[in-house]
Amino acid sequence: GLAASPSLIATFGWSSVFVLFGGVGIVWLLAWYYKSASNPLESTEVSAEERAYILANTYEQGSAGDSIPWKKLLSKPAVWAIIVCHFCHN
């Protein structure tokens, strides 16, 4: 990507870099939009056998009513390191 930028600029001008990488991004977006799925039930790429295997080996996630253990979470030094780092970075 970036290694090809100087050649693109020298040959086609500085805007060609933005056009090329933007075009690649749009192609990637379209491919992702049409080929991806949120779960195996919605996917067209997963066979019925694979779908059954995935669903049989998937653990049930906690319900939305589960509370977050804020006291335990905020007592960890690593959490405070992330908070301070994020604060200082922004």
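What this report covers is the structure whose coordinates are included nearby.

## Focus on a nonpolar patch on the surface
Together, I68, W70, L73, L74, W80 and I83 line one region of the surface with nonpolar side chains, adding up to about 580 Å² of accessible area. For the nonpolar patch, the secondary structure elements donating two or more residues are α4 (70-74) and α5 (77-89). Looking at which element gives the most residues to the nonpolar patch, the answer is α4, with three residues. Structurally, I83 can be placed in helix α5. Taking relative accessible area as the criterion, I83 reaches 36% and is therefore assigned partly exposed.

## Quick word on the side chain of S16
Its place among the elements puts S16 in helix α2 (residues 15-35). In terms of polar contacts, S16 uses its side chain to reach the backbone carbonyl oxygen of G13, at 2.6 Å. With near-sequence residues (within four places) excluded, S16 lies in contact with L8 and I9.

Rules behind the numbers
Residues numbered from 1 in each chain as written. Predicted model: local features only at pLDDT ≥ 70, side-chain atom pairs only at ≥ 80, totals over all residues. Heavy atoms only, no water. Patch = residues over 30% accessible without salt bridge, like charges linked within 9 Å, V, L, I, M, F, W, Y side chains within 5 Å. Areas by Shrake-Rupley, 256 points an atom, 1.4 Å probe, with all protein chains shown as cover. Salt bridge = Lys/Arg side-chain N within 4 Å of Asp/Glu carboxyl O. Helix = DSSP H or I, 4+ residues; strand = E, 2+ residues; numbered from the N terminus. Buried < 20%, exposed > 50% of the residue type's maximum accessible area, 1.4 Å probe, protein only. Polar contact = N/O pair within 3.5 Å; in protein donor to acceptor, adjacent residues only side chain to side chain. Contact = heavy atoms within 4.5 Å.

These figures capture arrangement, not role.
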